[in-house]
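Results of the structural survey
What follows is each chain in one-letter form.
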Amino acid sequence: MASTVESTASNLSNLHINGDWASSAPSLHKNLSLLSPDQIELVKMLIEMNQSHLFEHWPEPGVDDDEKRAFLDQVATLNANYPGGLPSYIKTARELLADSKAGKNPFDGFSPSVPSGESLIFGDDNFIQFEEIGVKEVRNAAFVLVAGGLGERLGYNGIKVALPRESSTGTCFLQHYIESILALQDASCRLVEGGCQRQIPFVIMTSDDTYARTLELLESNAYFGMSPTQVKLLKQEKVACLDDNDARLAMDPHNKYRIQTKPHGHGDVHSLLYSSGLLNLWRDAGLRWVLFFQDTNGLLFKAIPSALGVSATKQYHVNSLAVPRKAKEAIGGIAKLTHADGRAMVINVEYNQLDPLLRATGYPDGDANCETGYSPFPGNINQLILELGPYIEELSKTGGAIKEFVNPKYKDASKTSFKSSTRLECMMQDYPKTLPPTARVGFTVMDTWLAYAPVKNNPEDASKVPKGNPYHSATSGEMAIYRANSLMLKKAGVKVDDPVLQVFNGQEVEVWPRVTWKPKWAPTFADVRGKVSGSCSLSQKSTLVINGRHIFLEELSLDGALVINSVEDAEVKVGGSVQNKGWILENVDYKDVSVPEETRTRGFKINRVEQLEMTYNEPRKFCLKP
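Here's what I pulled together on the structure shown here. (Residues numbered from 1 in each chain as written. Predicted model: local features only at pLDDT ≥ 70, side-chain atom pairs only at ≥ 80, totals over all residues. Heavy atoms only, no water.)

**Overview of the overall build of the protein chain**
- Helix and strand counts for the protein chain come out as 19 helices and 31 strands.
- Referenced to the eigenvectors of the C-alpha coordinate spread, the extents of the protein chain come out at roughly 95 × 55 × 55 Å.
- Put simply, the protein chain has 626 residues, and 54% of those count as buried.
- Pairs at least 24 residues apart make up 70% of the contacts formed inside the protein chain by residues separated by at least 6 positions.
- In the structure as shown, the protein chain presents an accessible area of about 26,800 Å², 48% of it carried by carbon and sulfur atoms.
- Placing the 66 positive and 75 negative side-chain charges of the protein chain at their respective mean positions leaves the two points 3 Å apart. (Helix = DSSP H or I, 4+ residues; strand = E, 2+ residues; numbered from the N terminus. Buried < 20%, exposed > 50% of the residue type's maximum accessible area, 1.4 Å probe, protein only. Contact = heavy atoms within 4.5 Å. Areas by Shrake-Rupley, 256 points an atom, 1.4 Å probe, with all protein chains shown as cover. Lys, Arg positive; Asp, Glu negative; His and termini not counted. Charge placed at Lys NZ, Arg CZ, Asp CG, Glu CD.)

Next up, the structure:
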């Protein structure tokens, strides 16, 4: 007994805390003998940061002792995972919460202007030239997918990257991304004299929610053809929740020995990359670019080659992919902000902040369309291309920490209490906020139909979107893929019938011919153009599925469904007239639980009534001419 008392006394003497220790946390006082020296230091830190409420409910020693230690293990993890530890997190939180309560505008003193960037017109000589440069550069790039989210918001219980990108082939988003990277890797290496063996690194940022399921998806599908050594999974941790304006850490409502935690946001990708050591490995291997993208934009890889070509040509340290943006559209605008003190930065300004900022700085109409019919501030789609050298240089100063924000939901106008706990958050696209004025930060604007069709809204929410605004649902995301592929073929000289309007899950969408192809068939528009010749035509009811590299469309007239599969070294010329009953889209009610989730989120299923399907398994030349 004496040794326990001495140990407690020793622990207390090590706990140099200002103020009345016994009154600040009497319950903890009795339990100190349970704790290790490292845990004592954590306790000291929490008391000094005015977090004594965390210990108020602690019972006598001998009761829940393992839970008490587990609590401090969690504190140790939260402390280790945040740059500067919990003291830094709490200090930042207090500052941001005070600013929020005071209604402080984060853009006070800044004036917006339109930054410099490149606007591309799909299919013209300039576009094709940038694509060509981008393909050459891509072997010097690494790709980073931010995939920490589940599909619950979409009405889907799996991870979002496991969702089918489209129903004609059932290819999921992750498979499409990997096959797109492999297609670009192959195309880039073919441009090197004698070829090259370089593998493009692919990093996936996951979370507790998605890590195991992402790994299972990869392993059960042999990494979709990518070498497992190319793929690296990083896992972001959650951050502590905050109960009030004093940044008191919130307890888990279901466990009094656990701090409530929530995701910190996709801005964590920068600190994870920095701490992983991957960036220096890439630099040492001669890589020059890092491309960041999010989990459910099925069109993105149509935009990547040309955007990377812009980065290389303009020597941008940061290049944000963007689309034309209608004034007041619910998408952030890319703006140059110049402060009265001379500071300047090119960043994403959220749509609900852009209008008041413009009105406050001499633009009486606020966020308004210009003579083009669009806002002069392009719409940010959260796809970034960073030059690796300057990126490493910046992260060596910041440790990858991104400027944070807090978004508490207050109970009333007094702003003294929250409806529920809040936390600090950070966004991947806020990386440029800390860059010096000398940094070359620009953007590349492309047509929305080519570059942006995110899947993020469930059917019910999408059906309530005002007419003319994008649905951003599984329905619209799939139809956007068919539209983009049809328009690319049309630009390459194919006669493509106009779409018809149909309603699925309460959303009116354009239904184009259902055209899909493997990325290796045509990673660029120049490839599409090179594989189409003569007078080809597609009727609106048609489905065309191309599964192979060397498949050429020559004088093909399609009115129905045609599926072409070929092995790597087979060369197939497809022509003549193909006519059959084809594949029909049949409506499905999203509330019909007898239908799989991934189908009912779209509002339709494909009835494969009749098709011509040809498979070529030998490495030689073939000709299909029905």
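**Here we look at the packing of aromatic side chains**
- Scanning all chains against the criterion turns up 20 aromatic pairs.
- Pairing tyrosine 82 with tyrosine 89 gives two aromatic rings, centres 5.1 Å apart and planes at 80 degrees, and the pair type is edge-to-face. Each member of the pair, tyrosine 82 together with tyrosine 89, is buried.
- With a centroid separation of 6.0 Å and 85 degrees between ring planes, the pair formed by phenylalanine 292 and tyrosine 391 is classed as edge-to-face. With phenylalanine 292 in strand β10 (residues 289-294) and tyrosine 391 in helix α14 (residues 388-398), the pair connects residues that are 99 residues apart, well separated along the chain.
- Since its relative accessible area comes to 1%, tyrosine 391 is described here as buried.
- Pairwise contacts between aromatic rings join Phe143, Phe173, Tyr177, Phe202, Phe293 and Phe301 into one cluster.
- Over the aromatic face of tyrosine 374 sits the side chain of lysine 326, whose NZ or CZ is 4.7 Å from the ring centroid.
- We note arginine 608 situated over the ring of tryptophan 583; from NZ or CZ to the ring centre the distance is 4.5 Å. (Phe/Tyr/Trp six-rings, centres within 6.5 Å; stacked < 30°, edge-to-face > 60°. Lys NZ or Arg CZ within 6 Å of the ring centre and 35° of its normal.)

**Notes on the packing of helix α7 (residues 125-137) against helix α12 (residues 300-314)**
- The contact between α7 and α12 brings their axes to 6 Å, and the two run at 85 degrees. Taken together, the axes of α7 and α12 lie roughly perpendicular to each other. In this structure, α7 contributes Phe127, Phe130, Glu131, Ile133, Gly134, Val135 and Glu137 to the contact, and α12 contributes Lys302, Pro305, Ser306, Leu308, Gly309, Val310, Ala312 and Thr313.
- Residues belonging to the contact of α7 with α12 are distributed by class as follows: eight nonpolar, four polar and three charged. (Axes fitted to C-alpha atoms, helices over the stretch in contact; angles between N-to-C directions. Parallel < 35°, antiparallel > 145°, perpendicular 65-115°, else oblique. Nonpolar A, V, L, I, M, F, W, Y, C, P; charged D, E, K, R; others polar.)

**Looking at the layout of surface pockets**
- The calculated volume of the second largest pocket comes to roughly 940 Å³.
- Mapped by element, the contributors of at least two residues to the lining of the second largest pocket are α15 (448-451), α17 (474-491) and β20 (507-511).
- Looking at the lining of the second largest pocket element by element, the count peaks at five residues for α17.
- When grouped by side-chain class, the residues that make up the lining of the second largest pocket number 14 nonpolar, six polar and seven charged. (1 Å grid on protein atoms, 1.4 Å probe; cavity = no way out; pocket = protein on both sides within 12 Å on 5 of 7 lines; lining within 4 Å. Points joined across faces, edges and corners; volume = space filled by probe spheres on them.)

**A word on the nonpolar core**
- The biggest cluster of nonpolar side chains holds 111 residues, and the ones touching the most others in it are Phe143, Leu174, Phe202 and Leu489.
- For this core, the element with the highest residue contribution is α17, accounting for nine residues.
- When sequence neighbours within four positions are dropped, the list of residues in contact with phenylalanine 143 reads Val138, Ile181, Leu184, Ile200, Pro201, Phe202, Val203, Leu291, Phe293, Phe301 and Ile304.
- In terms of nonpolar packing, the next biggest core, distinct from the first, is built from 36 residues, Leu46, Leu249, Tyr257 and Leu424 among them. (Core = buried A, V, L, I, M, F, W, Y, C linked by side-chain atoms within 4.5 Å.)

**Topic: the packing of helix α8 (residues 173-190) against α12**
- Interhelical geometry of α8 versus α12 gives an angle of 30 degrees and a closest axis separation of 10 Å. Put simply, α8 runs roughly parallel to α12. Between α8 and α12 the crossing geometry is right-handed. Judged by residue contacts, Tyr177, Ser180, Ile181 and Leu184 of α8 engage Phe301, Ile304 and Pro305 from α12.
- The residue makeup of the contact of α8 with α12, split by class, is six nonpolar, one polar and no charged. (Left-handed = near helix turned anticlockwise from the far one by under 90°.)

**Regarding the side chain of glutamine 175**
- As for its placement among the helices and strands, glutamine 175 is situated in helix α8.
- Glutamine 175 sits in the buried class, given a relative accessible area of 17%.
- With residues up to four places along the chain from it excluded, the contact list for glutamine 175 reads Phe224 and Lys518.

**Brief notes about the environment of histidine 264**
- Inspection of the secondary structure puts histidine 264 in the loop between β9 (261-262) and α10 (268-276).
- For the pair histidine 264 and threonine 543, spaced 279 residues apart in sequence, the C-alpha separation works out to 42 Å.
- Those residues in contact with histidine 264, other than ones at most four positions away along the chain, are Tyr82, Val239, Glu404, Leu424, Glu425 and Cys426.
- Among the polar contacts made by the side chain of histidine 264, one reaches the side chain of glutamate 404 at a distance of 2.7 Å. (Polar contact = N/O pair within 3.5 Å; in protein donor to acceptor, adjacent residues only side chain to side chain.)

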